[in-house]
Amino acid sequence: MMDVRELVDELGGLAQKQQLVARGARDCDLTQAVKRGEVVRARQGWYSTAAESEPRLRAVRVGGRLTGVSAIADWGGWVLGDHPLHVSVVQNAARLRSPRNRRRPLSNHSGVQAHWDPAEVNDQGTNWHVSVFDALKRTILDESLETAVAAVDWALHTGHIDGFDFERLILALPLGKQKIRSWIDARCESLPESLARTRLRLHGHRVEIQIPVGLKRIDLVVNGIVGLEIDGRQFHAHTFEEDHLKAIEITIAGFHAMSISARMVFTQWELFLQGLDSALAFHSQSGFENSGDPTFSEIRRQRKREF
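Summarised in this report is the structure supplied together with it. Quick caveat: nothing in here was measured; it's all calculated off a predicted structure. (Residues numbered from 1 in each chain as written. Predicted model: local features only at pLDDT ≥ 70, side-chain atom pairs only at ≥ 80, totals over all residues. Heavy atoms only, no water.)

### Let's talk about the overall build of the protein chain
We count it as follows: Each helix corresponds to a stretch of at least 4 residues labelled H or I by DSSP, and each strand to a stretch of at least 2 residues labelled E; elements are numbered beginning at the N terminus. Relative accessibility under 20% of the residue-type maximum defines a buried residue, over 50% an exposed one, and the middle range a partly exposed one, all with a 1.4 Å probe and only protein chains included. Pairs of residues are marked as contacts when any of their non-hydrogen atoms sit within 4.5 Å. Computed with the Shrake-Rupley method and a 1.4 Å probe, the accessible areas treat only the protein chains shown as cover for residues.
The number of helices and strands found in the protein chain is 14 helices and 10 strands. A total of 307 residues make up the protein chain; the buried ones form 46% of that total. Considering only contacts within the protein chain whose residues lie at least 6 apart along the sequence, 61% involve residues at least 24 apart. Taken as a whole, the protein chain presents about 16,200 Å² of accessible surface, with 50% of it coming from carbon and sulfur.

### Section: the sheet that holds strand β5 (residues 85-90)
Heads up, the condition is: Two strands pair if DSSP finds at least two bridges between them. Note on geometry: axes are lines fitted to C-alpha atoms, helical ones only across the stretch in contact, with angles between N-to-C directions running from 0 to 180 degrees.
The strand order across the open sheet formed by 3 strands is β4-β5-β6, and the pairing between neighbours is mixed. The open sheet terminates on both sides in strands that have one partner only, identified here as β4 (65-66) and β6 (112-117). As defined by bridge partners, β5 adjoins β6 across 6 bridges and the pair is classed as parallel. Each residue of the ladder has a partner; that of Ser88, found in β6, is His115. Packed onto the sheet, helix α4 (residues 55-62) meets β4, β5 and β6 and runs at close to 40° relative to β5.

### A look at helix α9 (residues 163-171)
Threshold: It is the directions from the helix axis to the C-beta atoms that the arc portrays.
Along α9, the positions that sit buried rather than exposed are Asp165, Phe166, Leu169 and Ile170. The buried residues of α9 occupy an angular sector of 140° when projected down its axis, which confines them to one face. Residues of α9 that are exposed and point more than 90 degrees away from the buried face comprise Phe164 and Leu171. Check the buried side of α9 and you find it contacts α7 (132-142) and α8 (145-157).

### Here's the deal with the nonpolar core
When a protein is soluble and globular, its nonpolar side chains tend to lie buried together. Note the cut-off: We call a set of buried Ala, Val, Leu, Ile, Met, Phe, Trp, Tyr and Cys residues a nonpolar core when their side-chain atoms join them within 4.5 Å.
Counting residues in each nonpolar core, the largest one holds 59 residues, and the members touching the most others are Leu136, Leu200, Val226, Leu228 and Leu276. Setting aside residues no more than four positions away along its own chain, Leu228 makes contact with Leu200, Ile218, Asp219, Leu220, Met258, Ser259, Ile260 and Phe272. One finds Val4, Ala15, Ala25 and Val39 within the second-largest nonpolar core, a separate group that totals 10 residues.

### Observations regarding the packing of α7 against α8
For clarity, the cut-off: An angle below 35 degrees is read as roughly parallel, one above 145 as roughly antiparallel, one from 65 to 115 as roughly perpendicular, and any other as oblique. What makes a crossing left-handed is the near helix being turned counterclockwise from the far one by less than a right angle; a clockwise turn instead makes it right-handed. By the convention adopted, Pro, Cys, Tyr, Trp, Phe, Met, Ile, Leu, Val and Ala count as nonpolar, Lys, Arg, Asp and Glu as charged, and the other residues, Gly among them, as polar.
Two elements in contact, α7 and α8, have axes separated by 8 Å at closest approach and are oriented at 160°. Regarding the angle of α7 to α8, the classification is roughly antiparallel. When you trace α7 past α8, the crossing you get is left-handed. Contacts between α7 and α8 involve Leu136, Thr139 and Ile140 from the first element and Thr147, Ala148, Ala151, Val152 and Ala155 from the second. By residue class, the composition of the contact of α7 with α8 is 6 nonpolar, 2 polar and no charged.

### Considerations on unusual backbone geometry
Backbone phi values are negative for most residues with the exception of glycine, while trans is the configuration of most peptide bonds. Even without a glycine there, the phi angle at Gln210 is positive, about 55°. In this fold, Gln210 is placed in strand β7 (residues 207-213). Even without being a glycine, Asn223 presents a positive backbone phi close to 55°. When you line up the elements, Asn223 lands in the loop between β8 (216-222) and β9 (226-231).

### Side note on the layout of surface pockets
For clarity, the cut-off: The method works on a 1 Å grid over the protein atoms by themselves. A cavity is a set of points holding a 1.4 Å probe that cannot get out, a pocket is an open set with protein on both sides within 12 Å along at least five of seven lines, and residues with an atom within 4 Å of a point line them. Grid points are joined across faces, edges and corners, and a volume is the space filled by probe spheres set on the points.
Taken as a whole, the second largest pocket spans an internal volume of roughly 320 Å³. As for the second largest pocket, its lining consists of 16 residues, and the residues nearest its centre are Trp46, Gly63, Gly64, Arg65 and Asn127. Counting residues per element, the lining of the second largest pocket draws most heavily on β5, which supplies 3 residues.

Written out as structure tokens, the structure is:
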């Protein structure tokens, strides 16, 4: 008997009926594979080995492919929270279906944001996704600044795009959105670091990242005073001494050492801001800042001399 599941897997987990028939599959083979749960009918004439709950399958069921923040999240990119399912469809697309039931038409309450994209978008990417370039562009156009910055930080840091792609992306944006260029930093190493950097800058703080301290680096330095470490790891005993040693080294280097977990960035940001503002206010009252808003290097030299 024809192994339909294996055929579909060989075609990337999603295949049209014509492709399977051309490889020897019969109608009865396809019917039996669906009944046995080896494949699912994603849409009329399309078969998949993906789970019904996967965003990529739901996008195909609608009649398109993942785009925007939905594509970024499906690739494992830096995305916080839940978002509508963003689906790219061809400009003349019709008969869009519910992402959870291929027999029902798409409704306004389905949690789907459909984008009727031009031919140049439809010609790029895979059966599941638009290209990384188009997904990032859609994310910048549709999402908040911190969400868009995190997506582009991730794409640059992980090599999904390079410097040339980034410049091309900026030029493809409306003028009002091109300002995002100054918010991006390819050195950023995680989602909580990206979110913290953007939020702190929106709050009016000066932020430097990956500042050397001996053989280590401080994740973020805020206003040249607070050395901030953001830890996304679960607590493990073997990191306890190392983490505390780094806090001491940050203090010796002349900074006020603070640390925050990824969970706190995600869920208790306002509480952290209160602590940060208190630390900055204390150091300002102690005379470590001046009215001339000194540069990071000037503050660092001053604090080293005081130490």
